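Residue-level listing of the chains:
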Amino acid sequence: TRKIIIDTDPGQDDAVAILLALASPEELDVLGIVAVAGNVGVHQNAINARKVVELSGRTDIPVYAGCSRPMRRHLVTAEHVHGETGLNGPDLPEPTIPLQAQHGVDYIIETLMNAEPKTITLCTLGPLTNIAMALVKQPAIAERIQEIVMMGGAYFEVGNITPAAEFNIYVDPEAADVVMRCGAPITIQPLDVTHMIQSTPARLAAIKAIGNKSGQAVHDMLTFSESFDLKKYGWDGAPLHDPTVIAYLLQPDLFEGRHCNVAIETASELTVGMTVVDYWHVTGRAYNATYFRSGNAEGFYKLLTERLARLP
Ligand code: BDR
Ligand code: CA
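Identification of the protein as Nucleoside hydrolase from Devosia chinhatensis is taken from an unreviewed UniProt entry.

Below, the structure written as structure tokens:
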């Protein structure tokens, strides 16, 4: 079993990622979930994370709140996609499990420092503020991280919040820059992959047909968040982002990409938050990431549907 910490701003697609992880206890041991400011504010994201944990029946999973704003910029949120609660769609009860008292950044540092080196993977589904702040506060964590698997960035499919930038990187580009330079192994699931993993009506119907509470909730969540993306792209189904991070840990052969250098634009007004991917190795910059550019949608939805069926 692989030990993971999920850093997230749930978010319907974050919620599906959390459910996929919690439905896979043989492969993944979810040590904790840390909320970060992103889709909505950190307080609401921490409430949403606890709602999802309760939906899965895993009330033993501790939920922490991390940073409430990016390192140097004003917070940009995405209610236009996710709704005013960040998790519109299903009717989930208010959470009863408590929020942990410890700050999420300190939880990340403490957990990494107390574990054997390279035994904990960080799964990041939102802006990278908490991870960057942890690296700044305790740089020694960098060599103790097994892997950082992130949903973020775009190269071949360019941006979704600006023409050049993907949302998670755009919200806190300085944090993304700190993370990309930290030296830990990094694996990236960008829009190039998530735009291939579309939640078509047939795939959503199959999830609803599982017939459990979680399948119904996932159907309702994605139906809500789709309404924005379907209009925007005009495709059969909307992209599905964050669950690709967990799917990679469960079934890495669903994705294809290469080892290369990825750098973050932090200076330009026009392209701030752009992930500059040296996919064709045209510079001598050291490789710092595995960058995926395609994913197997059929295989992904088969995995997701099978796993959701194991939940309440
Ligand atoms: C990312 O932005 C968020 O709105 C989604 O949850 C996902 O993490 C996609 O760009
Ligand atoms: Ca997210």
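The rest of the description comes next.
Colleague: Any chance you could explain the overall build of the protein here in plain terms?
Modeller: For the protein, the helix and strand inventory stands at twelve helices and ten strands. Against the globule reference of 20 Å for 312 residues, the protein gives a C-alpha radius of gyration of 18 Å, in line with a compact fold. Each of the three principal axes of the protein carries a C-alpha extent, and together these read 50 × 45 × 35 Å. Evaluated residue by residue, the protein yields a buried proportion of 54% over its 312 residues. For the protein, contacts bridging at least 24 residues in sequence account for 83% of all contacts bridging at least 6.

Colleague: In this structure, what is going on with the site of ligand 1? I would like to understand it.
Modeller: Among the 15 residues in the neighbourhood of ligand 1, the closest are listed as Gly 11, Asp 13, Ala 78, Phe 167 and His 241. Broken down by secondary-structure element, the contributors of at least two residues to the shell around ligand 1 are helix H1 (12-22) and helix H6 (167-171). Considering only residue class, the shell around ligand 1 consists of five nonpolar, six polar and four charged.

Colleague: Which parts of the structure should I look at to understand the sheet that holds strand S2 (residues 28-35)?
Modeller: The strands making up a sheet are joined through hydrogen bonds of the backbone, oriented either antiparallel or parallel. Spatially, S3-S2-S1-S4-S5-S6-S10-S7 is the arrangement adopted by the eight strands of the open sheet, whose pairing is mixed. Of all strands in the sheet, those bounded by a partner on one side alone are strand S3 (63-65) and strand S7 (255-260). Going across the sheet, the axis of each strand differs from the next one's by a mean of 25°, ignoring polarity. Relative to strand S4 (residues 120-124), strand S1 (residues 2-8) runs parallel, the two sharing five bridges. Opposite Ile 4, over in S4, you have Thr 121 as the bridge partner. Packing of helix H2 (residues 42-56) onto the sheet brings it into contact with S1, S2 and S3, and relative to S3 it is tilted by some 175°.

Colleague: Before we go on, may I ask you to explain the environment of Ser 56 in this structure?
Modeller: The topology assignment puts Ser 56 in helix H2. A sequence separation of 206 residues divides Ser 56 from Val 262, and the C-alpha atoms of the two residues are 35 Å apart. Excluding residues within four positions of it along the chain, Ser 56 makes contact with Leu 19, Leu 22, Ser 214 and Leu 311.

Colleague: How should the pairing of strand S6 (residues 186-189) be read in this particular structure?
Modeller: Both faces of the sheet carry side chains from a regular strand, because those side chains alternate between them. Side chains Ile 186 and Ile 188 project from S6 onto one buried face, and the interleaved Thr 187 and Gln 189 project onto a second face that is buried too. Note that strand S5 (residues 145-151) and S6 share four bridges and pair parallel. Directly across from Met 150, in S6, lies its bridge partner Ile 188. In the sheet, S6 pairs with strand S10 (residues 289-295) via two bridges, with the strands oriented parallel. Counted as the bridge partner of Thr 187 is Thr 290 from S10.

Colleague: Would you mind showing me how to read the nonpolar core here?
Modeller: For soluble globular proteins, nonpolar side chains are generally found buried alongside one another. Formed by 99 residues in total, the largest nonpolar core has its most connected members in Leu 19, Ala 21 and Val 179. Looking at this core, the element that brings in the most residues is H1, giving eight residues. Beyond its immediate stretch of four places on either side in the chain, Val 179 contacts Leu 128, Ile 131, Ala 132, Leu 135 and Ile 148.

Definitions and limits used
Residues numbered from 1 in each chain as written. Chains lettered and ligands numbered in written order. Predicted model: local features only at pLDDT ≥ 70, side-chain atom pairs only at ≥ 80, totals over all residues. Helix = DSSP H or I, 4+ residues; strand = E, 2+ residues; numbered from the N terminus. Rg over C-alpha atoms; globule rule 2.2 N^0.38 Å. Buried ≥ 20, exposed ≤ 12 C-beta atoms within 10 Å, placed from the backbone. Contact = placed C-beta atoms within 7 Å. Near = placed C-beta within 6 Å. Nonpolar A, V, L, I, M, F, W, Y, C, P; charged D, E, K, R; others polar. Pairing = 2+ DSSP bridges. Axes fitted to C-alpha atoms, helices over the stretch in contact; angles between N-to-C directions. Core = buried A, V, L, I, M, F, W, Y, C linked by C-beta atoms within 7 Å.

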